[in-house]
Amino acid sequence: MYLVSCPLKARKLGRKRRTAMKNSNSAPNNSISQPAGFYIIGLSLMPYNNIYVMFLTVLYVITVICNVFLITIIFYDHRLHVPKFMAVGNLALVDLVLSTSLVPGMIKTYLVLDNFVPFKLCLVQMYFYYTFVSLESFSICVLSYDRFIAICLPLRQESINTNTRMAYIVGALWFFCVVVVIYAIESFPNLSFCGSLMINSYFCDYTPVLALACNDITHQWDIGTTLTILFMVVPLSFIFLTYMGILIAVFRMKNNQSRYKALATCTEHLTLVAIFYIPIFIIFNLTFFGFSWNPNVGLVCLSLSSLIPPSVNPIIYSLKTKQIRDRIYSLLTHRLSVHPLKNAH
């Protein structure tokens, strides 16, 4: 998230510049030095970085195909117009935009070899990435809410978890993330960048861009810290509490078959939680507590943690969810029955 890539560096820079400003005897300078743009240099020294970006491009194509396919199935099959698949479709849309906010820019930087990003376009990329990575976190959270209602309150599920209520929840989360990320980034045009314009990341990341500012970044640092907690710790805590409730409900069931069936419905969601949250928390903690490692390794891990979940999520839900498997099977059998001679050849 905001402070995953280099939290200690940004904090030290903020303290250093704040101290320098307090100790300075010169007259205040209110002019803003806004550059034409930045240069993306993360991964530029990594051997075979073009091959790695080609791999991410293939991953992106898989992401687009699988998520569009999943959204199309959910949209056209009225039997899937239920709260659970509204949440799944929302996650697929978020995955699609999240990947699109990163990979085309990486193709331009590392395959076309044009690493210059105009200032406004840099902020647009930053905005879209953080809006949709935040929505990714909350979308996984919504799916845990759906599982909690289905297992803990099965008799009241249809009255509590309605399509209308799910639409309100998803709409409220979109509105919240859109507005909050705007607030986080709207102060960047007021910063001065009078030194290096080299962003040590693979895209216009919040902390690496913030580290280039030559005035006080305390406000932006505080916002980043708050939103990292809000968008990561709060959803993960909610997921933990919902699964504690699910486990309590499961152990109250009378036979093992019911317990197994209830837990089996949670496997795809728990897989999503592990794929999305575990790499981010490992990277953040290793960086925050000062473990030294190759910066390229950190950027590769961070890019994979952002791009693997969007490609894996639709595959997991297509393979693990019976309703979607049945729909795919019916589509394939219908096509074979419509074109029997073509397929015979």
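Look up a bit, the structure's there.
The rules behind these values
- Residues numbered from 1 in each chain as written.
- Predicted model: local features only at pLDDT ≥ 70, side-chain atom pairs only at ≥ 80, totals over all residues.
- Heavy atoms only, no water.
- Helix = DSSP H or I, 4+ residues; strand = E, 2+ residues; numbered from the N terminus.
- Expected span 1.5 Å × (residues − 1).
- Buried < 20%, exposed > 50% of the residue type's maximum accessible area, 1.4 Å probe, protein only.
- Contact = heavy atoms within 4.5 Å.
- Disulfide = S-S within 2.5 Å.
- Axes fitted to C-alpha atoms, helices over the stretch in contact; angles between N-to-C directions.
- Parallel < 35°, antiparallel > 145°, perpendicular 65-115°, else oblique.
- Left-handed = near helix turned anticlockwise from the far one by under 90°.
- Core = buried A, V, L, I, M, F, W, Y, C linked by side-chain atoms within 4.5 Å.

A. Just helix α3 (residues 83-100), in detail. Here α3 is 18 residues long and its end C-alpha atoms lie 26 Å apart, about the 26 Å a rise of 1.5 Å per residue gives. In terms of residue burial, α3 counts as a mostly covered element, since 14 of its 18 residues are buried.

B. Just the environment of Ile-40, in detail. Residue placement: Ile-40 occurs in strand β1 (residues 37-40). Linking Ile-40 and Asp-114, residues 74 residues apart in sequence, is a C-alpha distance of 9.0 Å. Setting aside chain neighbours within four positions, we find Ile-40 in contact with Thr-109, Tyr-110, Asn-115, Val-117, Ile-199, Ser-201, Tyr-202, Phe-203 and Cys-204.

C. A look at the state of the cysteines. Under the criterion given, the structure shown has two disulfides. Here Cys-194 is linked by a disulfide to Cys-214, with a sulfur-sulfur distance of 2.1 Å. With Cys-194 in the loop between α7 (163-185) and β3 (198-199) and Cys-214 in the loop between α8 (206-210) and α9 (218-251), this pair connects stretches of sequence that are 20 residues apart. Sequential numbering of the bridged cysteines in the chain gives the disulfide pattern 1-3, 2-4.

D. Quick peek at the environment of Thr-321. Along the chain, Thr-321 falls in the loop between α12 (295-320) and α13 (322-338). The class of Thr-321 is buried, set by a relative accessible area of 2%. Sequence spacing of Thr-321 and Glu-268 is 53 residues, and the spatial spacing of their C-alpha atoms is 8.1 Å. The contacts of Thr-321, once residues within four sequence positions are left out, are Lys-84, Phe-85, Glu-268 and Ile-316.

E. View of the packing of helix α2 (residues 49-76) against α3. Relative to each other, α2 and α3 sit at 155 degrees, their axes nearing to 9 Å. Viewed along their axes, α2 and α3 adopt a mutual orientation that is roughly antiparallel. For the pair α2 and α3, the crossing hand works out as left-handed. From α2, Tyr-60, Thr-63, Val-64, Asn-67, Val-68, Leu-70, Ile-71 and Ile-74 reach across to α3, where they touch Phe-85, Val-88, Gly-89, Ala-92, Leu-93, Asp-95, Leu-96, Ser-99 and Thr-100.

F. Examining the nonpolar core more closely. If you look at the biggest cluster of nonpolar residues, it comprises 90 residues, and the most contacted ones within it are Leu-43, Phe-188 and Tyr-202. No other element matches the 18 residues that helix α5 (residues 119-152) contributes to this core.

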